Structure formats: C-alpha cells, structure tokens
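Commentary on secondary and tertiary structure
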Amino acid sequence: MENLDSDLLRTFVAVTQAGSISDGAARIHRSQSATSLQIKRLEAILGKAVFDRHGRGVVLSETGRRLLPIAQEVTDRLDAALRDIARECVTGKLRVGIPDDHGRAKLAQIIATFSRQHPQVELDVSCALSAVFPDALQKGALDLAIYEVNRPAANEEVLFEDPTCWAASKNSAFTTCEILPVALFDQACWWRNAAISSLEERGTPYRIVYSSQSVSGVVAAVESGIAVGLLGRSSLHSGLSIESERLGFQTSPTSKLVMATSGLPEDRPLAAMKSAIRAAFQTVT
C-alpha cells in the first residue's frame, strides 16, 4: 500500500484554495498537467475522488473535505519544522525608528513578530515623528528607520505609496467659505510644505485654525468639521469626503513610506529586520 506523500498533500491544498487545477498549479509553480497528474495519483492512493469537477473549477468531495484539515496540518507542521531547523540564531543589537504619524500599529506588530522570531536580537525602538529620522540615521543614532517622503532618495526603499487629497467631514461644507479654514502639521515636514504649496497654488485666502504633530490630530480636526486637511487616502473613513476638486485644489502629491539605513555595513540583525519589513508590506500593500 502506498503512503501519502507530503508533496501530494501540498498540491491538494493548493488546488483546494485556488478552486481550480490551473490556478492551483500557478500557486505551486507547476504545470497544469503535472498538477493534474498529482491529484490523480492522490486519488488513486485513496481509492476515491477528492474533488467534484464543475465547469472550469473543482469543489471538494466528501473524501476531500475529510482530508483537507489533515493535509493542512501536515503541511503547516512541516513548514514550521523547516523554518525552525533552517533558521540560524540571529544575535546583536538593532536601533529602529518607526513613525508616530503613520501606520504605527502595523509597524509595531512587525517589530513584535520580529522579536518573537529573533529573541536574541536586542531591539531599541524609537517612536517619533518621521521628520527626525533622516537626520538620526545620518548621525548614526539609528540603524534603520521608516518614514514618509514625497520624492525618495537613492538610499530610500519605498514600502507603500499613499495618494494625498484634501478632505473634510461629510457633515460640513466649505465651498462657500471666503477664507478656507485648514488643519496642518505643526512641524516642518513635507506634509506641511505640500499643504501650504497646494493652498498657495489655489490662490484664495486660507487660515490655519488647527495644528498637530500627528496624522490622528489632523484627522480629528477634520472630523470635527472645523477645517479641511491634506490627508493620505489610507487615513480616510466613511465620515470623511474628498473635497479637492470641489474646493479648487490641483492634483496633490503621493506620500511614500520608505525604509532607510544608516549606511553602515549590513549585519545579520539589520538584514533580518529589513526582510521582515519587506515581507509584511508585500503581503498587504
């Protein structure tokens, strides 16, 4: 009697998740014919069909439904074992800067996951305004930092792009205002500079009625209805509306969330952190 091969189980899981032989084949980087042969071999070993065919796709048979949780557990445990065995112990110290004004929760989660995977790395994490990080990297006070720019430099790796727009509360109307009330960042940064340039280009009077150090502060002012603000589209929610066109603003820039290092030779902790950050943003953004 033949044994169930983990490769056959992995193919079975991929086809189940994809819903078709062809899409499952793409997930495991095999040809459609090779994938189909593996499914037939699995069914021959079991003596029963694992899929019912319909149209261009497949659905699990009763046998397939019984097999799926077992196949998922086996492949997950094998993958976990491989990671544990293959992973070399990374040690050292790493000083990381993450912004207080963009994606703090997501970045904090990345740091937490990294700490669990590499417990021997001593992490020194600074959470501050993005604007201070380039200078900290240049002075050697940080090894790696994530921050926002309008135009990335050669040493800045783009992780995420966020188009900006002028937004207002859906319960407020500013089209008839002779002097437009605005909420801005109160620190010198490209967000404030971009907002002021956009306001000057619009060519009509405005008044800064609220200033904040963070995105959440500007969002709060806009939500309250006291002002409009230049925000990234990722910061918008159902209570806010895009008012750029109605208020006569031209196209606003796109914010780039970038990752940069101090420029010193890359050691293993730094390489591991960069890989973890890239992987997290590739799976979501």
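This section reports on the structure supplied with the text. (Residues numbered from 1 in each chain as written. Predicted model: local features only at pLDDT ≥ 70, side-chain atom pairs only at ≥ 80, totals over all residues. Heavy atoms only, no water.)

1. Looking at the pattern of salt bridges
Enumeration according to the criterion identifies nine salt bridges in this entry. Lys274 is the partner of Glu266 in a salt bridge, and the nearest nitrogen-oxygen pair spans 2.8 Å. For Glu266, a relative accessible area of 48% gives the class partly exposed. You can call Lys274 buried: its relative accessible area is 13%. (Salt bridge = Lys/Arg side-chain N within 4 Å of Asp/Glu carboxyl O. Buried < 20%, exposed > 50% of the residue type's maximum accessible area, 1.4 Å probe, protein only.)

2. Description of the nonpolar core
One finds Trp166, Leu180, Val182 and Val228 to be the most contacted residues of the largest nonpolar core, which totals 27 residues. By size, the runner-up hydrophobic cluster in this structure holds 20 residues, among which are Leu94, Leu107, Val121 and Ile146. (Core = buried A, V, L, I, M, F, W, Y, C linked by side-chain atoms within 4.5 Å.)

3. Quick word on a nonpolar patch on the surface
On the surface, Ile70, Val74 and Leu78 cluster together into a nonpolar patch covering about 230 Å² of accessible area. With respect to the secondary-structure elements, Leu78 resides in helix H4 (residues 62–86). (Patch = residues over 30% accessible without salt bridge, like charges linked within 9 Å, V, L, I, M, F, W, Y side chains within 5 Å. Areas by Shrake-Rupley, 256 points an atom, 1.4 Å probe, with all protein chains shown as cover. Helix = DSSP H or I, 4+ residues; strand = E, 2+ residues; numbered from the N terminus.)

4. Examining the pairing of strand E5 (residues 144–149)
Two faces belong to every sheet, and in a regular strand the side chains alternate between them. For E5, the tally of buried residues reaches six of six residues, placing the bulk of the element in the interior. The two faces of E5 match: Leu144, Ile146 and Glu148 on one face and Ala145, Tyr147 and Val149 on the other face are all buried. Where strand E3 (residues 92–99) and E5 come together, two bridges link them in parallel fashion. Across the sheet, the residue bridging to Gly97 is Ala145, located in E5. (Pairing = 2+ DSSP bridges.)

5. Looking at the layout of surface pockets
Within this model, the second largest pocket holds a volume of roughly 200 Å³. In terms of lining residues, the second largest pocket is bounded by 15 residues, among which Ser130, Ala131, Glu148, Cys189 and Trp190 are the most central. When residues of the lining of the second largest pocket are traced back to their parent elements, those giving at least two are E5 and helix H7 (190–202). Looking at the lining of the second largest pocket, the element that brings in the most residues is E5, giving three residues. (1 Å grid on protein atoms, 1.4 Å probe; cavity = no way out; pocket = protein on both sides within 12 Å on 5 of 7 lines; lining within 4 Å. Points joined across faces, edges and corners; volume = space filled by probe spheres on them.)

6. Some details on empty space enclosed by the protein
Per the stated rule, a full pass over the model turns up one cavity of 30 Å³ or more. Space inside the largest cavity adds up to approximately 30 Å³. Lining the largest cavity are Ala183, Leu184, Phe185, Trp191, Ala195, Val218 and Leu230. Of all elements in the fold, only strand E7 (180–185) and H7 reach the threshold of two or more residues within the lining of the largest cavity. At three residues, the largest contribution of residues to the lining of the largest cavity is made by E7. Residues belonging to the lining of the largest cavity are distributed by class as follows: seven nonpolar, no polar and no charged. (Nonpolar A, V, L, I, M, F, W, Y, C, P; charged D, E, K, R; others polar.)

7. Considering the packing of helix H1 (residues 6–18) against helix H3 (residues 32–46)
Orientation of H1 relative to H3, taken along the N-to-C sense of each, is 115°, at an axis distance of 9 Å. Classified by the interaxial angle, the pair formed by H1 and H3 is roughly perpendicular. Between H1 and H3 lies a crossing of left-handed hand. Residues Asp7, Leu8, Thr11, Phe12 and Val15 of H1 lie in contact with H3, whose contacting residues are Thr35, Gln38, Ile39, Arg41, Leu42 and Ile45. Among the residues forming the contact of H1 with H3, the class breakdown is six nonpolar, three polar and two charged. (Axes fitted to C-alpha atoms, helices over the stretch in contact; angles between N-to-C directions. Parallel < 35°, antiparallel > 145°, perpendicular 65-115°, else oblique. Left-handed = near helix turned anticlockwise from the far one by under 90°. Contact = heavy atoms within 4.5 Å.)

8. Side note on the state of the cysteines
Such a bond, covalent and formed between the sulfur atoms of two cysteines, is termed a disulfide. Scanning all chains against the criterion turns up zero disulfides. Left without a disulfide partner, Cys177 is nearest to the cysteine sulfur of Cys165, which lies 18 Å away. (Disulfide = S-S within 2.5 Å.)

9. Points about the environment of Leu60
Mapped onto the fold, Leu60 is located in strand E2 (residues 57–60). When the C-alpha positions of Leu60 and Val15 are compared, they lie 9.8 Å apart, and in sequence the two are 45 residues distant. When residues no more than four places from it in sequence are discounted, the contact partners of Leu60 are Phe12, Thr16, Val50, Phe51, Asp52, Arg65 and Leu68.

10. As for the side chain of Glu156
Topologically, Glu156 is positioned in the loop between E5 and strand E6 (157–169). Buried charge Glu156 goes without a salt bridge, the closest partner of opposite sign being Lys256 at 10 Å. A polar atom in the side chain of Glu156 sits 2.6 Å from the side chain of Tyr147. A polar side-chain atom of Glu156 sits 2.7 Å from the main-chain amide nitrogen of Ala153. In contact with Glu156, not counting residues within four places along its chain, are Tyr147, Val149, Arg151, Val258, Met259 and Ala260. (Lys, Arg positive; Asp, Glu negative; His and termini not counted. Polar contact = N/O pair within 3.5 Å; in protein donor to acceptor, adjacent residues only side chain to side chain.)

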